[in-house]
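# A structural walkthrough
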Amino acid sequence: MSESLPIVEMAGISISFPGVKALDEVGLRLFPGEVHTLMGENGAGKSTLIKALTGVYRIDEGEIRISGEPRLLGGTADAQHAGISTVYQEVNLCSNLTIGENVMLGHEVRGAAGINWRATHRAAGETLEKLGLGHLNPKQALATLPLAVQQLVAISRSMVAQCKVLILDEPTSSLDANEVEQLFTVIRSLRDQGVAILFVSHFLDQVYAISDRLTVLRNGRFEGEYRTHELDRAQLISKMIGKDVDALKSLDAKGARRVRSDAAPLYSAKGIGRKGAIEEIDIDLHRGEVVGLAGLLGSGRTELARLIYGADRPDTGEVTMNDEKAEITSPAKALARRIAFSSENRRDEGIIRDLSVRENLILAVQARRGWARPLPRREQDAIVEKYVSALGVRPADPERPIRLLSGGNQQKVLLGRWLATEPDILILDEPTRGIDIGAKAEIQEYVAGLADDGLSVLFISSEIEEVVRQSDRIVVLKDHRKIAELEGGQGVSAESIVNVIAEDGLGDPSADTAVREEVTT
Amino acid sequence: MSTLTTTRTEPTGARALAKRLSLHLDTLPTAAAVAIFIGMIVYGEAAYGRIVQFNTLSNLLINNAHLIILAVGLTFVILTGGIDLSVGAVIAFSSVAGVMLMNAGWNPWLAVLLMVLIGTAFGAASGVLVQHFHVQPFIATLAMMFLGRGLASILSTVPERLADDSPVRSLGAQIKVYDGPKVNDVVLTPGVIIAAVVVVAAFFVLHRTRMGRTVYAIGGSEQSAALMGLPVAATKMWVYIISGTLSGLAAVVYTARLGSAQNITGIGWELDAIAATVIGGTLLTGGAGFVLGSVVGALVLGLMNVLITRDGGIPPEATTIITGGILLVFVLLQRAVLARRRE
Amino acid sequence: MSANAHGPFEALKGLVRRQYFWGIVAIALLLLVNLAKDPGYLAVSVGSSGNLVGNVIDILRAAAPIILISVGMCLVVATRGIDLSVGSVMVVAGAVSMEFLKGAPDTVGSGLAAIGLVVVVSAALGAVNGMLVSVVGLQPFISTLVIMLAGRGLAKVITGGQNTTATNEMFRWTANGHVLGLPAVFLLALLLAVAMGLLVRRSALGLMLEALGMDAKAARLAGVNRRALLFTVYILSGVLAGFAGVFATASVMTVDVSRTGYQLELDAILAVVIGGTSLAGGKFNITGAVIGAILIATLDKTVVFLGVSSSATPAFKAVVIVALCLLQSERVRRAFRKRRSAVAVRPAEREKVAA
């Protein structure tokens, strides 16, 4: 590891979007021949920072120096000129073309009669060879390759562009263990060639396996830069979620408030899973109980919620509700079985921006009735009246388009939408993310009351202490599988959950490669 | 989630064969078009006779030279995932304007140049609407279609005849290449040669230039192409300009052969050209297809007309139903192929 | 809707804010142009049979079929779709009814039977569109393009390529009859438009369509049934086009297989856009579409009145639609708003959505 000068130095970077300060004086240093990991929960500002470096966003304040020279990056082309290449989570290649064409697009070797394909394919082959991908035939269609290998091809492409800085934005999120290992081999070889690598991943094990240096962001602010070996997992997690390890210790659960009935579960899933999303899992939900899903981003918490709701179709497993087999393959079917799901993606999957508060509130109820049986205006008004006042939606004007409300009030309206369907099971994915403190407390309080009224609530949050506080039982997820199920109450705290996540896999025989365990399907 | 899923196991035996086949799924529609073309020739020869002979095949090329040129232009646009509905109307306006100018005493070759440039201008207008104002391609080019048709009608609503001694007619003059028995000759026109040059040039551009590869890349994924730093905006402009220009050229070829132009010329040709392109194996969603496939597609449609005429039993009115049916079958075939590829 | 209890001035302000207000202004302007050429243009007199006669009445009569297809198009566009087949459905409807009436006795019963037949046939064509879009998952424009192409051929096959003529007084009345001195065809079209308006606004259909068109993903998670809705709108659009075909053929009791309904799909799209419904889907406005349709009929008549060939009108319509598309485009709007925002790469969302 060299202690040479950083090739990229970002200092005091601030970026604001209308109403939000996405980055607040954040810094980042990338050194040649080093793998640097950017860590942070959702909304920490990771992707904004990367987009600032790749020229997609313009910075409001701060300075970007590349090889010591201050640079203004006005677009992706500028960044590529400066030797910065990016490989995204979603493979950004053209699957309709061959491997060689993808590697060489825009850099084809040209002769007198236009593109010299023989030379182009040879050049592609040589580039692939350098990354240990010599076995690939450049004339083969890209689409025939597994996703992981496509990622590697995308990396080869950046080699053709002679990059000095390679950004890998969550390249591993849908790869299996062998594929990750293959990717890491390539990353190490690039590092040894002196390329500065910025790596983003949510898999702690991978982070510790590959990176030399870490930068942690939280809520758009810089938390710190550390040598990887100087920071243990528990410390890292607490940096990411913004609580000291000691503070976490004191945040014990308030004790289980509700005693679960011994009656059969309302909802019981055996081995439900979906390839690439979540491995086979069992989960039971009872009336009058809040079950929390704890785990870092990318652990499979959202994926599990979507499977339960039928937003994604499970590949495997069986679901029983009230002792009868239930096929829940679409949101409409889930709603018919009185399951409701509030998505974490409020903007794209929750509110319908141009509809009014009233229309957003009654949408799910109306969808379940079908369009031919409209909800009489009087009933609509009653629903609107009930939830606007119960949840404290402000401003209490039901005809206002929902896009004009604040995030917290939009979230309340969505909560109202799902409650209006009178669900037995309510799945709340990050109901309090990105909203102001007041609204957050109101929603938390309301959710606690729901379980007392006999609802079964599945609560998901990236703030582990919030999960601990809300839940009677906590399912801990990591790397797309369930690693623990804890009864709420004495002894369960945010800290103990952090430890469970941090320690998982450490004692595992396969941990020497420190990549997540592959469950062969 | 990515749109691509992985096949992790190494293929063995039958699966390997299936995988090899799936590698060539792209070419399946084109192969189907060639098979249909050959099948039609065989059927036509068996049922009506006098199909596999020089003059029938020569006439097939002569009568469809303009359609081949149009289909080549549309191949560019459709490869990027766009569409151009204006080509038929552009032909109407361009040919009426050209013939009227010639009859008004313009230098015929200058008028021919203007006919081509009119197409270029229409293409450029579509391109600006699509690329800079994010108008959906079919709406932008539908507007251009109505503009072209309307302008042609403003100029004239009666057939405008080209003077008998106009040098432009020489572009439609038949050149006997090989003198067969009786009338069974191999005949070409300069129009056919123009079409052939267009096909070769288009093939070169699409397969041998960076711009051509960018066209394919945009069709595969516009977003990826932009992130790879390819000139997406300029290329999208170019494909509409190419399509428009080739429409202008097709107007020249068609007018020279027919010797007259009218405002109702080219009604429905955009559909023929789209059908030719799709039959020839170009995916309507973009990213895959071949110029040569589009040529075969155009010839399939041309041959279909010949067979319908020869048959006499099929009402000529049914032609559009058959074209529509073939288009639908091929679009469904494409979907099936795409679905297979995603597996 | 918002015009209640605010006083006449507020109501007027509300009207001005609606996009179709400018449609009304345009109609008035066109009429003024005609008035300038012929001061007696707007005169309406009572004809020999006690019916109103005049240029304005002609415009209303010509607007009737356009109103119907525009209302259907409006619903399809709300779901981010498009129906290019409306003109062809019209000609098929005309062909079916003329062929049926040619051999049927001239009774009210056979007239009604012909209309019933049209409803069935046009609903079937709409259902084919609906199936191609919702089940097969083709882009709306290509699915309906196929029906547009094949539909006209189908009409020609039905009539054997002839322009079939028939006689049926009841059927003829739908286009040429009068009620209270006004053309029955306009009143019927208006009645159907109002019925559609009530259907979508009194049921929850309108809300569901808007939700689907605005945000298909969020609508799905809220339990909205996309497939059934798409089937419904394409069938409605087909049936309305069928009625438009009846009106277009009944006025002369002849179906002109190459001209009936020809290129009317653009008229419908134009009327929808003039009426304030965005081609990007979502909020739709049936009243606006009706006004847009009347504007187009006025434009058609004006162009002819000014002595330009009627086949040249498409050029004027093209100019209008280009202008409207530019006004709707982000780039132009941003130039107006001058809002500062990130220079994010903007993927061509619209095209993707059409898929």
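Calculation notes
- Residues numbered from 1 in each chain as written.
- Chains lettered and ligands numbered in written order.
- Predicted model: local features only at pLDDT ≥ 70, side-chain atom pairs only at ≥ 80, totals over all residues.
- Heavy atoms only, no water.
- Helix = DSSP H or I, 4+ residues; strand = E, 2+ residues; numbered from the N terminus.
- Buried < 20%, exposed > 50% of the residue type's maximum accessible area, 1.4 Å probe, protein only.
- Contact = heavy atoms within 4.5 Å.
- Areas by Shrake-Rupley, 256 points an atom, 1.4 Å probe, with all protein chains shown as cover.
- Rg over C-alpha atoms; globule rule 2.2 N^0.38 Å.
- Lys, Arg positive; Asp, Glu negative; His and termini not counted.
- Charge placed at Lys NZ, Arg CZ, Asp CG, Glu CD.
- Pairing = 2+ DSSP bridges.
- Axes fitted to C-alpha atoms, helices over the stretch in contact; angles between N-to-C directions.
- Phe/Tyr/Trp six-rings, centres within 6.5 Å; stacked < 30°, edge-to-face > 60°.
- Lys NZ or Arg CZ within 6 Å of the ring centre and 35° of its normal.
- Buried area = accessible area lost by both parts, 1.4 Å probe.
- Salt bridge = Lys/Arg side-chain N within 4 Å of Asp/Glu carboxyl O.
- Polar contact = N/O pair within 3.5 Å; in protein donor to acceptor, adjacent residues only side chain to side chain.
- Nonpolar A, V, L, I, M, F, W, Y, C, P; charged D, E, K, R; others polar.
- Domains from an automatic or database assignment.

## Looking at the overall build of chain A
Assigned secondary structure in chain A consists of 18 helices and 22 strands. For chain A, the proportion of its 521 residues judged to be buried stands at 58%. Within chain A, residue pairs in contact and separated by at least 24 positions form 67% of the contacts whose partners lie at least 6 positions apart. As presented, chain A carries roughly 20,300 Å² of accessible surface, and 46% of it is formed by carbon and sulfur atoms.

## Here's the deal with the overall build of chain B
Each helix and strand in chain B was counted, giving 13 helices and four strands. At 21 Å, chain B has a C-alpha radius of gyration in line with the 20 Å of a compact globule built from 343 residues. Its C-alpha atoms put chain B at 70 × 55 × 35 Å along the principal axes. When each of the 343 residues of chain B is scored for burial, the buried share is 57%. By sequence separation, contacts in chain B at least 24 residues apart represent 75% of the contacts at least 6 residues apart. A total of about 13,300 Å² of accessible surface is found on chain B, and carbon and sulfur atoms cover 67% of it. If you average the places of the 20 positive and of the 15 negative side-chain charges in chain B, the two averages end up 11 Å apart.

## Some thoughts on the sheet that holds strand S15 (residues 289-294) of chain A
Hydrogen bonds along the backbone pair up the strands of a sheet, which may run parallel or antiparallel. Residue and element names in this part refer to chain A. Within the open sheet, the six strands sit side by side as S18-S19-S20-S15-S21-S22. Their pairing is mixed. Looking at which strands have only one partner, the edges of the open sheet turn out to be strand S18 (339-342) and strand S22 (481-487). In this sheet, adjacent strand axes meet at a mean angle of 15° when their direction is disregarded. Relative to S22, strand S21 (residues 473-478) runs antiparallel, the two being bridged by six bridges. Across the sheet, Arg473 pairs through a bridge with Glu487, a residue of S22.

## A short note on the packing of aromatic side chains
Following the criterion strictly, the structure yields nine aromatic pairs over all chains and no others. Judged by centre distance (6.0 Å) and plane angle (75°), the rings of Phe184 of chain A and Phe199 of chain A are edge-to-face. Of the two residues, Phe184 of chain A is situated in helix H6 (residues 177-192) and Phe199 of chain A in strand S10 (residues 196-200); the sequence distance between them amounts to 15 residues. The exposure class of Phe184 of chain A is buried, given its relative accessible area of 0%. Residue classification places Phe199 of chain A among the buried residues on the basis of a relative accessible area of 0%. Among the aromatic residues, those joined into a ring-pair cluster are Tyr309, Phe341 and Trp418 of chain A. A cation over a ring is seen here: Arg213 of chain B above Tyr216 of chain B, with NZ or CZ 4.7 Å from the ring centre. Sitting above the plane of the Phe305 of chain C ring, Lys37 of chain C keeps its charged end 5.4 Å from the centroid.

## Describing unusual backbone geometry
Positive phi, normally seen in glycine, also occurs at Glu25 of chain A, with a value near 50°. Tracing the chain through its elements places Glu25 of chain A in strand S2 (residues 20-30). One non-glycine residue, Met253 of chain C, lies in the positive phi region at around 55°. Inspection of the secondary structure puts Met253 of chain C in the loop between helix H11 (226-250) and helix H12 (264-274). Relative accessible area serves as the criterion here: at 4%, Met253 of chain C is assigned to the buried category.

## With respect to the interface of chain B and chain A
At the interface, 27 residues of chain B touch 34 residues of chain A. Carbon and sulfur atoms make up 54% of the surface buried where chain B meets chain A, a total of about 2,900 Å² over both sides. Applying the counting criterion to the chain B and chain A interface returns two salt bridges. As a salt-bridge pair, Arg210 of chain B and Glu108 of chain A come within 3.4 Å of each other at their nearest N and O atoms. Where chain B touches chain A, the interface holds twelve residue pairs in polar contact (both at pLDDT 80 or more). Only helix H1 (13-23), helix H7 (190-208), helix H8 (210-220) and helix H9 (222-227) of chain B provide two or more residues apiece to the side of chain B that touches chain A. Tallying contributions element by element places H8 of chain B first for the side of chain B that touches chain A, with six residues. Its residues assigned to classes, the side of chain B that touches chain A comprises ten nonpolar, eleven polar and six charged.

## Description of the pattern of salt bridges
The final tally for this structure, using the stated rule, is 35 salt bridges over all chains. Among the ionic pairs, Arg29 of chain A bridges to Glu225 of chain A, the shortest N-O distance being 2.9 Å. In this pair, Arg29 of chain A sits in strand S2 while Glu225 of chain A sits in strand S12 (residues 221-227), placing the two residues 196 residues apart along the sequence. Take Glu225 of chain A: its relative accessible area is 24%, and that puts it in the partly exposed class. The residue Lys102 of chain C makes a salt bridge to Glu99 of chain C at a minimum N-O spacing of 3.5 Å. One end of the pair, Lys102 of chain C, and the other, Glu99 of chain C, are both in helix H4 (residues 86-102), three residues apart, so they sit about a helical turn from each other. Here the salt bridges do not stand alone but share partners, grouping Arg29, Glu34, Arg213 and Glu225 of chain A into one network.

## So, the domain arrangement of chain A
All names here are of chain A. Segmentation of chain A into domains returns domain 1 (8-244), domain 2 (245-338 + 425-431 + 455-521) and domain 3 (344-422). Together domain 2 and domain 3 conceal approximately 950 Å² of surface at their shared face, both sides included; 57% is due to carbon and sulfur atoms. Broken down residue by residue, the surface that domain 2 buries against domain 3 is led by Leu335, Arg338 and Leu426, which jointly contribute 47%. Here Glu349 and Arg306 are joined by a salt bridge, their closest N and O atoms 3.2 Å apart. Taken together, the elements giving at least two residues each to the side of domain 2 that touches domain 3 come down to helix H10 (301-309), helix H11 (331-336) and strand S19 (425-429).

## A word on the interface of chain C and chain B
Accessible area lost when the parts come together is the quantity often used to give the size of an interface. Of the residues lining the interface, 44 residues belong to chain C; the matching set on chain B comes to 42 residues. The contact between chain C and chain B buries some 4,000 Å² in all, and 78% of this surface belongs to carbon and sulfur atoms. Here chain C is connected to chain B by zero salt bridges. Of all the secondary structure elements, the ones that give two or more residues to the side of chain C that touches chain B are helix H5 (108-136), helix H6 (140-159), H12, helix H14 (313-328), helix H15 (330-337) and helix H16 (349-354) of chain C.

## Notes on the environment of Arg213 of chain B
Residue position: Arg213 of chain B is located in helix H8. For the pair formed by Arg213 of chain B and Thr235 of chain B, sequence separation is 22 residues and the distance between their alpha carbons is 10 Å.

## Focus: the sheet that holds strand S16 (residues 316-321) of chain A
Spatial strand order, S14-S13-S16-S17 (chain A): four strands in an open sheet with antiparallel pairing. One side of each edge strand has no neighbouring strand; the edge strands of this open sheet are strand S14 (278-285) and strand S17 (324-325) of chain A.

## Structural notes on the side chain of Thr209 of chain B
With respect to the secondary-structure elements, Thr209 of chain B resides in the loop between H7 and H8. Look past the residues within four positions of Thr209 of chain B in its chain and what remains in contact with it is Ile115 of chain A together with Phe204 of chain B.

## What about the pairing of strand S13 (residues 267-274) of chain A?
Residues and elements named next belong to chain A. Here S13 lies mainly inside the structure; six of its eight residues are buried. Pairing analysis gives five bridges linking S13 to S14, with the strands arranged antiparallel. Within the sheet, the bridge partner assigned to Ala269 lies in S14 and is Ile283. Taking the residues that link successive antiparallel strands as the turn, the S13-S14 hairpin has three residues, and the phi of Gly276 there is positive, at about 80°. Sheet topology note: the S13/S16 ladder contains five bridges and is antiparallel. What sits directly across from Ser268, in S16, is Thr320.

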